[in-house]
Amino acid sequence: MSVYDEIGGDAAVSLAVESFYDRVMADATLSPYFEGMNLHAIKDHQRDFFTVLLDGPEVYDGRSMRNAHAGLHITDEVFTRTLQHLAATLDELDVTPPLKDQVLRRIEVMRAAIVEVR
Ligand code: HEM
């Protein structure tokens, strides 16, 4: 069974993206990064991205993580903060600890592509 199926498929991923964004937008350090952006489009892409990341159907056709975040000047601290919101989201959805660790590890490897300011 893929991580995608284990986590609850499309419904769970959609819920996770909604809850994750609510947390990010409620964080005054992170919300300015999304000012003027099309949140709806980002959410759609995020959902597709997580689907592929978790070995679900190959639906993501957005930019590479490096290109999508180029010029945003994301720092290590901002990346870590974002991961913490994702971890809290997975807890909220009762994702089991081993599964949660797997998801977080898969995101952690993108740090180098997303962080521009060290
Ligand atoms: C934690 C790992 C992250 C993942 C997996 C991720 C994933 C994505 C994806 C899939 C997109 C859409 C790409 C596209 O439209 O082609 C995107 C866009 C975006 N992300 Fe992230 N992201 C992450 C971290 C962050 C962080 C830390 C920030 C800043 C706080 C951020 C800010 C943005 C913004 C502003 C956009 C829209 C860029 C634009 O449309 O020009 N992301 N991200």
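Definitions and cut-offs
Residues numbered from 1 in each chain as written. Predicted model: local features only at pLDDT ≥ 70, side-chain atom pairs only at ≥ 80, totals over all residues. Heavy atoms only, no water. 1 Å grid on protein atoms, 1.4 Å probe; cavity = no way out; pocket = protein on both sides within 12 Å on 5 of 7 lines; lining within 4 Å. Points joined across faces, edges and corners; volume = space filled by probe spheres on them. Helix = DSSP H or I, 4+ residues; strand = E, 2+ residues; numbered from the N terminus. Nonpolar A, V, L, I, M, F, W, Y, C, P; charged D, E, K, R; others polar. Buried < 20%, exposed > 50% of the residue type's maximum accessible area, 1.4 Å probe, protein only. Contact = heavy atoms within 4.5 Å. Donors = N, O, S within 2.8 Å, 3.2 Å for Na, K, Ca; no water.

Any space left empty among the atoms is revealed by the rolling of a water-sized probe across them. Here the largest pocket defines a volume of roughly 790 Å³. Looking at the largest pocket, it is lined by 30 residues, and the ones nearest its centre are Tyr 21, Phe 34, Ile 42, Gln 46 and His 69. Counting only elements with at least two residues in the lining of the largest pocket, the list comes to helix 2 (9-25), helix 3 (39-53), helix 4 (65-69) and helix 5 (76-92). With six residues, the top contributor of residues to the lining of the largest pocket is helix 3. Of the residues in the lining of the largest pocket, the class split is 23 nonpolar, six polar and one charged. Lining the second largest pocket, in full, are Ile 7, Ala 12, Val 13, Ala 16, Val 17, Phe 50, Leu 54, Leu 86, Leu 90, Leu 93, Val 95 and Val 103. Among the elements that make up the lining of the second largest pocket, the one with the highest residue count is helix 2 (four residues). Across the lining of the second largest pocket, the residue classes break down as 12 nonpolar, no polar and no charged.

Along the chain, the position of Leu 99 falls in helix 6 (residues 97-108). The exposure class assigned to Leu 99 is buried, which follows from its relative accessible area of 7%. For Leu 99 and Tyr 4, which are 95 residues apart along the polypeptide, the C-alpha to C-alpha distance reads 10.0 Å. Residue contacts for Leu 99: discarding those within four places in its chain leaves Val 3, Glu 6 and Ile 7.

For the rest of this paragraph, the subject is the coordination of the iron atom of the ligand. With respect to protein ligation, the iron atom of the ligand binds only His 69 (NE2), at 2.0 Å. Along the chain, His 69 turns up in helix 4.

Position of Arg 111 relative to the elements: it lies in helix 7 (residues 111-114). Given the relative accessible area of 18%, Arg 111 is considered buried. Among residues more than four places away in sequence, those in contact with Arg 111 are Asp 76, Phe 79, Thr 80, Leu 83 and Arg 118.

Let us now look at unusual backbone geometry. Despite not being glycine, His 73 has its phi angle at roughly 55°, a positive value. By the secondary structure assignment, His 73 is in the loop between helix 4 and helix 5. With relative accessibility at 52%, the residue His 73 sits in the exposed group.

All we've got here are geometric facts, nothing functional implied.
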